[in-house]
Amino acid sequence: MEGKADAMQAGLEKSVQRLTLQLLTTVKEKLSDDVLHVRTGRLRRSINRRVDVDQTSVTGIVGTNVEYAKKLEYGFKGTESVRESLRKITQAFGKQLKEPKTIKVRAHTRKVDLPAHSFLRSSLTEMRPKIETDMKAALVKAAQEGTS
């Protein structure tokens, strides 16, 4: 019986490895499309995956550690702080400057009403039928191999 359980866990692990890679690809494709207008590509590059395995479970995780991802995924309404920065300007008061100038923008707060732009949850929702089918198939295959 223990050999059958090991075979089932190994089959699930292979399936979850494959599925997390497919989910990662789907998320990155969403970020490349019109869900979010890409400026630097930092969020897309930060999407990662991992599979955790212990004696009783196989867990696949696809996510990001970029601090603004949560606001984009779920939306955000509130006040946020903006740190001091430098900005290059080419016009002032509607008139073109002879030469571009670099100015300092002081730290300030601003009100934000950002609607949700789901890229993680929506990708998971799209892939859910495939995930369920592949996981069931992996279990059936492992169970059949474990009995033969």
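Figured I'd write up the structure that's included with this text.

The rules behind these values
- Residues numbered from 1 in each chain as written.
- Predicted model: local features only at pLDDT ≥ 70, side-chain atom pairs only at ≥ 80, totals over all residues.
- Heavy atoms only, no water.
- Helix = DSSP H or I, 4+ residues; strand = E, 2+ residues; numbered from the N terminus.
- Rg over C-alpha atoms; globule rule 2.2 N^0.38 Å.
- Buried < 20%, exposed > 50% of the residue type's maximum accessible area, 1.4 Å probe, protein only.
- Contact = heavy atoms within 4.5 Å.
- Lys, Arg positive; Asp, Glu negative; His and termini not counted.
- Charge placed at Lys NZ, Arg CZ, Asp CG, Glu CD.
- Core = buried A, V, L, I, M, F, W, Y, C linked by side-chain atoms within 4.5 Å.

## Side note on the overall build of the protein chain
Argument step 1. Scanning the protein chain from N- to C-terminus turns up four helices and six strands.
Argument step 2. If you list the helices and strands of the protein chain from N to C, you get α-α-β-β-α-β-β-β-β-α.
Argument step 3. Taking 2.2 N^0.38 as the reference for a compact globule, 148 residues should give roughly 15 Å; the C-alpha atoms of the protein chain span a radius of gyration of 23 Å, well beyond that estimate.
Argument step 4. Judged by the C-alpha coordinates and their principal axes, the protein chain covers about 80 × 25 × 25 Å.
Argument step 5. Looking at the protein chain as a whole, 26% of its 148 residues are labelled buried.
Argument step 6. Taking as baseline every contact in the protein chain between residues at least 6 positions apart, the subset at least 24 positions apart corresponds to 66%.
Argument step 7. Put simply, the protein chain has 29 plus and 18 minus side-chain charges, and the middle of one group is 11 Å from the middle of the other.

## Considerations on the nonpolar core
Argument step 1. Ranked by size, the top nonpolar core spans 15 residues in total, and within it Val27, Leu31, Leu36, Leu43, Ile47, Val62 and Phe119 carry the most contacts.
Argument step 2. Residue assignment for this core shows that the elements contributing at least two residues are α1 (2-32), α3 (69-74) and α4 (121-147).
Argument step 3. A total of five residues in this core trace back to one element, the largest contributor, which is α1.

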